[in-house]
There are 2 protein chains.
Amino acid sequence: MKISIAQINYHIGNFEGNFNHMKEAVEQAKEAGADIVCFSELATCGYPPRDFLEFEDFIRLSEETIAKLTALTDDIAIVVGAPTRNPVPEGKDLYNSAYFLYENEIKYIQHKALLPTYDIFDEYRYFEPASAFGVVEFKGKKIALTVCEDIWNIANENPLYTISPLDEMSKYNPDFIINTSASPFSYKQADERKNIIRANVARYNIPMFYINHVGAQTEIIFDGGSVVISPDGKIYEELPYFKEAFKTYDLDQVMQGGKNNEQSVSKIEKIHDALVLGIKDYFGKLGFRKAILGLSGGIDSAVTAVLAQRALGSENVRVLLMPSQFSSDHSVNDARQLAENLGIQYDIVEIKDLYSAFMQKLDPMFAGLDFNVTEENIQARSRGVLLMAMSNKFGNILLNTSNKSEMAVGYGTLYGDLAGGISVIGDIYKMEVYALAEFMNKEGVVIPTNTITKPPSAELRPDQKDSDSLPDYEILDTILYQYIEQRKGPKEIIEMGYDAALVARILRLVNISEFKRYQTAPVLRVSTKAFGVGRRMPIVGKYLN
Amino acid sequence: MKISIAQINYHIGNFEGNFNHMKEAVEQAKEAGADIVCFSELATCGYPPRDFLEFEDFIRLSEETIAKLTALTDDIAIVVGAPTRNPVPEGKDLYNSAYFLYENEIKYIQHKALLPTYDIFDEYRYFEPASAFGVVEFKGKKIALTVCEDIWNIANENPLYTISPLDEMSKYNPDFIINTSASPFSYKQADERKNIIRANVARYNIPMFYINHVGAQTEIIFDGGSVVISPDGKIYEELPYFKEAFKTYDLDQVMQGGKNNEQSVSKIEKIHDALVLGIKDYFGKLGFRKAILGLSGGIDSAVTAVLAQRALGSENVRVLLMPSQFSSDHSVNDARQLAENLGIQYDIVEIKDLYSAFMQKLDPMFAGLDFNVTEENIQARSRGVLLMAMSNKFGNILLNTSNKSEMAVGYGTLYGDLAGGISVIGDIYKMEVYALAEFMNKEGVVIPTNTITKPPSAELRPDQKDSDSLPDYEILDTILYQYIEQRKGPKEIIEMGYDAALVARILRLVNISEFKRYQTAPVLRVSTKAFGVGRRMPIVGKYLN
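Note that the coordinates shown come from a computational prediction; the quantities given were computed from them, not determined experimentally.

Residues and elements named next belong to chain A. For chain A, the assigned domains are domain 1 (2-264) and domain 2 (270-463). Using only C-alpha atoms to locate each centre, domain 1 and domain 2 end up separated by 40 Å. Taken together, the 10 residues of domain 1 in the interface contact nine residues of domain 2. Split into classes, the residues belonging to the side of domain 1 that touches domain 2 amount to six nonpolar, three polar and one charged.

This paragraph deals with the relation of the copies chain B and chain A. Between chain B and chain A, which share one sequence, the superposing operator has a rotation angle of 180° and an axial displacement of 0.0 Å; the RMSD is 0.0 Å. Here the symmetry operator amounts to a two-fold rotation axis. Judged by C-alpha distance, Q519 of chain B is the residue of chain B that lies nearest the rotation axis, at 2.0 Å.

Looking at chain A, pLDDT values average 96 and 100% of them are 70 or higher. For this predicted complex, the interface confidence score (ipTM) comes to 0.96, while the overall pTM stands at 0.97.

Turning our attention to the environment of P462 of chain B. Inspection of the secondary structure puts P462 of chain B in the loop between α13 (449-453) and α14 (466-469). On the basis of neighbour counts, which here come to 8 C-beta atoms within 10 Å, the residue P462 of chain B falls in the exposed class.

Attention shifts here to the interface of chain B and chain A. Contacts between chain B and chain A engage 76 residues on the former and 76 residues on the latter. Counting residues per element, the side of chain B that touches chain A draws most heavily on helix α10 (residues 373-394) of chain B, which supplies 14 residues. Split by residue class, the side of chain B that touches chain A holds 39 nonpolar, 18 polar and 19 charged.

All names here are of chain B. Between its first and last C-alpha atoms helix α4 (residues 189-204) spans 23 Å; for 16 residues at 1.5 Å apiece the expected length is 22 Å, and the two agree. Taken residue by residue, α4 has Q189, A190, I197, N200, V201 and Y204 as its buried positions. Buried residues in α4, looked at end-on, bunch into an arc of 100°, giving them a common side. Away from its buried face by more than 90 degrees, α4 exposes D191 and N195. Just downstream of α4, N205 is the residue with a positive phi angle, here 60°.

Every other side chain in a regular strand lies on the same face of the sheet, so the side chains alternate between the two faces. Residues and elements named next belong to chain A. Of the two faces of strand β10 (residues 214-217), the one holding V214 and A216 and the one holding G215 and Q217 are both buried throughout. Here β10 runs beside strand β11 (residues 220-223); their pairing, made up of four bridges, is antiparallel. Looking at β11, one finds that V214 is bridged to D223. As consecutive antiparallel partners, β10 and β11 are separated by two residues, and within that stretch T218 has a phi angle of approximately 55°, a positive value.

All names here are of chain B. With parallel pairing, five strands are arranged side by side in an open sheet as β17-β16-β15-β18-β19. Every interior strand has two partners, whereas the edge strands, β17 (345-348) and β19 (422-423), have only one. Sheet analysis places strand β18 (residues 397-400) next to β19, joined by two bridges and oriented parallel. Bridge pairing links N400 to S423 in β19. Against the sheet, helix α7 (residues 299-312) contacts β15 (291-294), β16 (317-321) and β18, and its axis sits at roughly 170° relative to β15.

What follows deals with the environment of S328 of chain B. Considering the arrangement of structural elements, one finds S328 of chain B in the loop between β16 and α8 (329-342). When the C-alpha atoms of S328 of chain B and D463 of chain B are compared, they prove to be 8.8 Å apart, with 135 residues separating the residues in sequence.

Strands pair in a sheet through their backbones, by hydrogen bonds, and they do so in one of two ways: parallel or antiparallel. All names here are of chain B. Taken in spatial order, the six strands of this open sheet run β6-β7-β8-β9-β12-β13, and their pairing is mixed. Single-partner strands in this sheet number two, and they are β6 (136-138) and β13 (235-238). When the angles between neighbouring strand axes are averaged without regard to direction, this sheet yields 20°. Strand direction decides the pairing type here: strand β12 (residues 227-229) and β13, joined by three bridges, are antiparallel. Counted as the bridge partner of V228 is E237 from β13.

Another aspect to go through is the pairing of β15 of chain B. Residues and elements named next belong to chain B. Of the two faces of β15, the one carrying A291 and L293 and the one carrying I292 and G294 are both buried. One ladder, built from four bridges, connects β15 with β16; its direction is parallel. Each bridged residue has a counterpart across the sheet, and for A291 the counterpart in β16 is V317. With α7 bridging β15 and its parallel neighbour β16, the resulting β-α-β unit is right-handed. Bridging between β15 and β18 involves two bridges; their strand directions are parallel. Its bridge partner lying in β18, A291 is registered against I397.

Reading the values: the criteria
Think of each chain on its own: its residues are numbered from 1, step by step along the sequence as written. By the order in which they are written, chains take letters starting at A while ligands take numbers starting at 1. Note on the predicted model: pLDDT of at least 70 is required for a residue's local features to be given, and 80 or more for side-chain atom pairs to be given and counted; whole-chain, interface and lining totals, by contrast, use all residues. Segmentation of the chain into domains, including their bounds, is taken from an automatic or database domain assignment. Each residue gets a C-beta atom placed from its backbone, and two residues are in contact if those atoms lie within 7 Å. Under the convention adopted here, Pro, Cys and the residues Ala, Val, Leu, Ile, Met, Phe, Trp and Tyr are nonpolar, Asp, Glu, Lys and Arg are charged, and Gly plus all remaining residues are polar. A residue counts toward the fit only if its pLDDT is at least 70 in both copies, and the copies are then superposed by least squares on the C-alpha atoms of those residues. What pLDDT conveys is the predictor's confidence in a given residue, as a value from 0 to 100. Strands here are runs of E lasting at least two residues and helices are runs of H or I lasting at least four, both read from the DSSP assignment and numbered beginning at the N terminus. Once C-beta atoms are placed from the backbone, each residue is buried if 20 or more other C-beta atoms lie within 10 Å of its own, exposed if 12 or fewer, and partly exposed for counts between those two. The length a helix should cover is 1.5 Å for every residue beyond the first. Here the arc refers to the directions that run from the helix axis out to each C-beta atom. Strands are labelled as partners when DSSP assigns at least two bridges between them. Axis lines are fitted through C-alpha atoms, for helices just across the contact stretch, and the angle between N-to-C directions can take any value from 0 to 180 degrees. A clockwise path from the first strand over the helix to the second, with the strands pointing away from the viewer, defines a right-handed crossover.

Take a look at the structure:
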């Protein structure tokens, strides 16, 4: 028996595009002599479809796609994820299902039982969990069909869940497992995923074909890395990360095992590639090609520019250099050097006059009051207006260049440097931004060394340095990581050896900055806890502040 | 037996404040000779606490509050909502519970079974549903303790759920029901709530004491309206909407019934009062007093200004009038007249020079290109910079003045008129904005008649009218309502008699504007489907666009 797996970049709601993509793969599979071709979770409509699922019309379009796929199955079987209507009135209206299509019929539907409802996931908002489990009989083999999270409760040891779908299915003695997934990237995810798959294979002693989604849907990046594992527990093959792939396997050979084709990609390379794909798909799926951003000469905008150039090409990235009276000479030079290294179009627009024009207008109200953060913000917002004007005039989407450390503590200007359609490095702590810059410069200097080595500064007042108002980034980032990713409270963080007043100050800054993050662009997610849809915090809360 | 109900304005995460508030009510109840005093759902920590619930430290603080409340119960019982740790590893970490405290002990804990996970609710993200049900025995009576949604599945006829907690509890023959709630306002909610309560009382033939939260938590407004219903199915008493209240009832008298003290408040008055409370609590709970907004002379900013003045007082509302070269004379006059009617401070800042300053800076890039939406946006964004400068300098929070119709179709400038800390009328369609204005003028003209009667215009280009680019608001609002609140698809809306091309165009505009709404302030929610946390849509989706 031959099994094809198609690792495809789906597009939410683009039923026609998704179908055409799958149809090509079906043809490829037929040419390869495959008996089954497998797609990923909710492949008809793309993942995550969110509240589109509440529209009858949307479900109907998914059903049409299933019907069109079914019509292709006269001599090949298709495994594909799609929503299914719950026929009884009790419970949620839909199931999240894996379909087995063959001989122009829907032969079997297995619903998903374990519905992730945490972090970025809202599956219980839409779906009823499966309560029945079976296997598909096909050409003398029995197949356990599973959907994503359903393989994540091995021996019922995952504290989140109370049933183990594969334990139920194993009563029917399946010959192999197919898992249709949409498993989002974080820099830890591929390893955890492979550990889970290995543990399943070890428990049931049968091979697994694991088909993941690849591509970004706004902030959520799917890394691909689909996997075939032999009963010996070894990775028979792992498909590439961050790109589409198609491959056909002979079940007997997979059963024999003996291969170990696991990929080894460093954390920083994965993050780099994830962000490049994140930008690429944000633009591609919205139907845009061109980006704009402000280059300050600092490291955040430099790293963002390199990622944009790698995602979209030099010809599609344009930058503005917008020095103020507080900008140092090296800033403009460093920014210009970077633009030249990248071969991207740049313009220099001094903002001093804009700042003066605003201050003159505000003078009747501000007369006699001291320079403070207000005047700093006017500079940042003047830049925002210029960048958005370029964006509106030329159709270049503005990229936000804020890093996770500054977004965490609210060190940024709403509608100023926090503007932009997508936040590229908003899930990257400052220290990781440096690591990315070093990684980018590995094969030759792209980002000017001075940009990396000079002390970070917003340059919004004379001789300003980040270190004037923030602790060293090594310390800041560690405390933030404990609070944000690890969800440790103040007591636990202080017990780790950090200064109590500093911890209190930082956690307070994080909590009082929720209103800013609420209005910031979606953040490309690469960690286990990114700002945005996966981290839901009250704005008017009075906790630690 | 005497039962006190305390309708309190809680504050998320403010454990000390919430406790002190409840302690006062306990003292009042003791003075009134009450046997039990009842609070609402998750009263220790405030509702909705969102991901704060994932912090061990946060749960510990709630437990401390329960301990402090327990210490007050030597001669009075307390019913109060709080999270409870799930002692077994399987399932979610917490329960959402009603506590019965008496004689300095936790006498009973009833967990919530029906966990709303739709619209603004994410309860299954945090809570495990109850699987056991009982009653509390207290001074010869048996009490059915329920939490909010648990009374919303009468006779198991709510298609969302598969169990009915009160059917389970009724096996123990309870004498009355206490429901601790946090039931958010929409203009339909009070009627639906009372219908559900009546239906429960009719089914079980026992009275119910229903204690709701009152107050706003960012965008979610709780309207109070706590209710006592007699076994005859009549409203023995309904506490006021939108303010705190405390009342003590004699159970025997409630049993007798015969009263019918239901409030009758019009839809538009409820919306008005909800928005005033929404503004008041947003400021109060963040520790701010003063607001700023731009007054254009149009109806949206006029209605917002009146609401702000009623919420915060004339002395705390300040406005800027920012005419451009495209503003008509009447705009400034109408705005000035409104400011004078409201007794609020206003300044006039012409933006023509700012616009020119930006255009001059952009000239090297824009030379030879036509005026388009770019130049319109520069005006809106210049105003945004001025307003935010005032906000930063004087600590006045900027109020967003966009209405639901324009937010729906993306008729607004990101970082311009879409700026602001809270969107006041972002859940009010344009036709409802007019109704609000008429309501405000009922006892004498506050909003100048010309503001209400003139054709709406953004005044961003010569002789611009909303009707140049949008259909009549009567039609637009109806189509939007069908799509947004009713979740009807294009086919169904066209079948209602609307032009197919118009419907397609409007639905497309809604869907391609998600990126703008993602970055807009939280919207005070008054309808059954507001933009924001209760409506989760993909940004890169390709559905109907």
